[in-house]
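Remarks on the overall topology
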Amino acid sequence: MKQAYLDRFLRYVSFDTRSDIASETVPSTGGQKVLAAALRDELEAMGLDKVVLDDNGYLSARLPANTDAEVPAIGFIAHMDTAPDASGANVKPQIIENFDGQAITLNAEQDIKLCPQEFVSLKNYIGKTLITTDGTTLLGADNKAGIAAILTAVEYLQQNPDIKHGDICIGFTPDEEIGRGADHFDVPAFGAQWAYTIDGGEEGELECESFNAARAEVIFRGRNVHPGTAKGMMINSMHLARQFANELPADEVPEKTAGYEGFFHLYGMSGDETTSRLNYLVRDHDRARFEERKELLIKLVASMNEMLGEERVELDMVDQYYNMHEEVVKVPQVMDIARQALHNCDVKAIEKPIRGGTDGSRLSFMGLPTPNIFTGGHNFHGIYEYLVVESALKSVEVIAEIARLTAETGNSK
Ligand SMILES: [Zn+2]
């Protein structure tokens, strides 16, 4: 199983599938289509049915049930793109066998090292097999480790027909890293009652809570007059923006919060005397507190306009996604089976709230409850990304065990 996994993983990371937020095409980059086509060929060669690669670059397939019992169809999902933050071209993975706990030289020429002093998680993996980058690109374990795990687990189920399972639906999506992974996901066609994204980090991660998320732009309109004769006439939009920003709680920002603490994140700021803009991300795990945060922005805008005596401040706010927990808990088996599978595979569960969103955050509200499971990868989105092979193989085991347990215990509805 190890060799099958490694062959897949090393093949997938050779495809450059970096997504691009500035692109308006679907998928955002052509490289994703190339990987999708290669994966389609692989799914067909594996003998899966309902292999469909649609025009938007979404790939799906099914491993049909091998039992006549009533078993819910479940899905496993991973994304094909890599983060825009770092290059994903010409990835040259290095395999470190029997890691000795010392700094790993990623690139001797450029003197780039992966040090346990900086990345303390490395200390947990002495004696294990690691896959690193060569210091010039990301690795792409996020999320090609997920794709490799799902297909290796499917192959394992095919080779072990004594393990009974229901329909296993497989979905590979484009553009997750730029927040569009669920945009064109056809939930009814996918055919699963629930699913798992295999897109987490260290061994044991099991996540069913994400942020509730909104994006807000506050636009300030001033009145520009020559500064020499401005008294009593100029309204400087930048000062309006400054006043507004000062009204928000100073400690509720990403750099001062953790765990379940929400925030307002100022991520953009631009302006001149005439027009200024502030861009915020609003985040909170708790739905009521999330709504209060949005309400605060609305009230601040209203009170500034009232103070100014005219409509000079405008708010443009959209919800992005919600905490999947709300939807996932409605089908208790989804998490019960995942927890049991981890336990049966001797993996200690690490359940913590995600301080962000996943494809699953949106899919859960599209009728497909979708928590997230580890891949064994670390330090995503940059040159220090690495994969622990032993953990990755655990994720393969967990996927197969979820399939088995669903057939054993999941009979309902
Ligand atoms: Zn990912």
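What you see is a predicted model, and the numbers here were worked out from it, not measured in a lab.

Turning our eyes to something else, we now look at the overall build of the protein chain. Along the backbone of the protein chain there are 10 helices and 18 strands. For the protein chain, whose C-alpha radius of gyration is 24 Å, the value lies close to the compact-globule estimate of 22 Å for 413 residues. Dimensions of the protein chain along its principal axes, counting C-alpha atoms only, are 85 × 60 × 40 Å. The buried share of the protein chain, reckoned over its 413 residues, is 53%. Contacts spanning at least 24 positions in sequence make up 79% of the contacts within the protein chain whose residues lie at least 6 apart. Of the roughly 18000 Å² of accessible surface on the protein chain, a fraction of 49% belongs to carbon and sulfur atoms. For the protein chain, the distance from the average site of its 38 positive side-chain charges to the average site of its 65 negative ones is 3 Å.

This part takes up the pattern of salt bridges. Per the counting criterion, the structure on display carries 27 salt bridges. Each of Arg 287, Glu 291, Lys 294, Asp 319 and Glu 326 takes part in a single network of salt bridges with overlapping partners.

Those donors, His 79 (NE2), Asp 142 (OD), Asp 199 (OD) and Asp 199 (OD), are the protein atoms that reach the zinc ion, and they lie 1.9 to 2.6 Å from it. Geometry at the zinc ion is irregular, judged from the 4 donor atoms that bind it and their angles of 52 to 144° at the metal. In terms of primary sequence, the donors binding the zinc ion are separated according to H-x62-D-x56-D. Linking Asp 142 in helix H3 (residues 141-159) with Asp 199 in strand S9 (residues 194-200), this pair joins segments that are 57 residues apart in sequence.

In this approach the atoms are scanned with a rolling probe the size of a water molecule, which exposes any empty space left behind. Considering all chains together, one arrives at 1 cavity of 30 Å³ or more under this definition. Its volume calculated, the largest cavity comes out at about 40 Å³. Lining the largest cavity are Ile 77, Ala 78, His 79, Asn 143, Glu 176, Thr 197, Asp 199, Thr 358 and Asp 359. Considering each element in turn, the lining of the largest cavity owes the most residues, 3 residues, to strand S3 (residues 74-79). Within the lining of the largest cavity, the residues separate by chemical class into 2 nonpolar, 4 polar and 3 charged.

Next up on the list: the domain arrangement of the protein chain. Its domain assignment divides the protein chain into domain 1 (2-210 + 323-412) and domain 2 (213-321). In this structure, domain 1 and domain 2 have C-alpha centres spaced 37 Å apart. Each partner contributes to the interface: domain 1 provides 12 residues, whereas domain 2 provides 10 residues. Around 870 Å² of area is buried between domain 1 and domain 2 when both sides are counted, 48% of it from carbon and sulfur atoms. If you sort the residues of domain 1 by the area they bury against domain 2, Asn 323, Pro 353 and Arg 355 come out on top, with a joint share of 54%. Put simply, domain 1 and domain 2 have 1 salt bridge between them. Note that Arg 287 is salt-bridged to Glu 326, the shortest N-O span being 3.1 Å.

Attention shifts here to unusual backbone geometry. Only a minority of non-glycine residues have a phi that is not negative, and only a minority of peptide bonds are not trans. Of note, the bond from Val 26 into Pro 27 is cis; its omega dihedral lies within 30 degrees of zero at -10°. Mapped onto the secondary structure, Pro 27 falls in the loop between helix H1 (2-12) and helix H2 (30-45). One non-glycine residue, Asn 379, lies in the positive phi region at around 50°. By secondary structure assignment, the location of Asn 379 is in the loop between strand S17 (377-378) and strand S18 (386-388). Using a relative accessible area of 25% as the deciding quantity, one classes Asn 379 as partly exposed.

Let us now look at the packing of aromatic side chains. Tallied over the full model, the rule gives 11 aromatic pairs. With 5.8 Å between their ring centres and 25° between their planes, Phe 76 and Tyr 196 make a pair best called stacked. Of the two residues, Phe 76 is situated in strand S3 and Tyr 196 in strand S9; the sequence distance between them amounts to 120 residues. By the burial criterion, Phe 76 is buried, and Tyr 196 matches it. Seen from their ring centres, Tyr 125 and Tyr 386 are 6.4 Å apart, and the 70° between their planes marks the pair as edge-to-face. With Tyr 125 in the loop between strand S6 (112-114) and strand S7 (130-132) and Tyr 386 in strand S18, this residue pair connects regions lying 261 residues apart in the sequence. Take Tyr 125 and Tyr 386: they sit in the same class, and that class is buried.

So, about the side chain of Asn 305. Looking at where Asn 305 falls in the secondary structure, it is placed in helix H6 (residues 287-308). When residues no more than four places from it in sequence are discounted, the contact partners of Asn 305 are Glu 310, Glu 311, Arg 312 and Val 313.

All right, on to H6 then. Each turn of an α-helix holds 3.6 residues, which means side chains three or four residues apart point in the same direction. Here H6 spans 32 Å end to end across 22 residues, near enough to the 32 Å set by a 1.5 Å rise per residue. Of the residues making up H6, those classed as buried are Phe 290, Arg 293, Lys 294, Leu 297, Leu 300, Val 301, Met 304 and Asn 305. Seen along its axis, H6 keeps its buried residues to an arc of 130°; they face one direction. Within H6, the exposed residues directed more than 90 degrees away from the buried face are Glu 292, Lys 299, Glu 306 and Met 307. Residues of H6 that are buried sit in contact with strand S11 (212-221), helix H5 (237-247), strand S12 (263-271), strand S13 (275-284) and strand S14 (313-321).

Note on soluble globular proteins: their nonpolar side chains tend to be buried together. Among the nonpolar cores identified, the biggest contains 67 residues, and Tyr 5, Phe 9, Phe 172, Tyr 196 and Ile 402 are the most heavily contacted of them. Those residues in contact with Ile 402, other than ones at most four positions away along the chain, are Ile 74, Phe 76, Tyr 196, Ile 337, Ala 338, Ala 341 and Ile 373. Counting 19 residues, the second-largest nonpolar core is a separate cluster that includes Ile 235, Phe 244, Phe 290 and Met 304.

Parameters at a glance
Residues numbered from 1 in each chain as written. Predicted model: local features only at pLDDT ≥ 70, side-chain atom pairs only at ≥ 80, totals over all residues. Heavy atoms only, no water. Helix = DSSP H or I, 4+ residues; strand = E, 2+ residues; numbered from the N terminus. Rg over C-alpha atoms; globule rule 2.2 N^0.38 Å. Buried < 20%, exposed > 50% of the residue type's maximum accessible area, 1.4 Å probe, protein only. Contact = heavy atoms within 4.5 Å. Areas by Shrake-Rupley, 256 points an atom, 1.4 Å probe, with all protein chains shown as cover. Lys, Arg positive; Asp, Glu negative; His and termini not counted. Charge placed at Lys NZ, Arg CZ, Asp CG, Glu CD. Salt bridge = Lys/Arg side-chain N within 4 Å of Asp/Glu carboxyl O. Donors = N, O, S within 2.8 Å, 3.2 Å for Na, K, Ca; no water. Tetrahedral: all angles 85-135°; square planar, octahedral: opposite > 155°, others 65-115°. 1 Å grid on protein atoms, 1.4 Å probe; cavity = no way out; pocket = protein on both sides within 12 Å on 5 of 7 lines; lining within 4 Å. Points joined across faces, edges and corners; volume = space filled by probe spheres on them. Nonpolar A, V, L, I, M, F, W, Y, C, P; charged D, E, K, R; others polar. Domains from an automatic or database assignment. Buried area = accessible area lost by both parts, 1.4 Å probe. Phe/Tyr/Trp six-rings, centres within 6.5 Å; stacked < 30°, edge-to-face > 60°. Expected span 1.5 Å × (residues − 1). Arc of directions from axis to C-beta. Core = buried A, V, L, I, M, F, W, Y, C linked by side-chain atoms within 4.5 Å.

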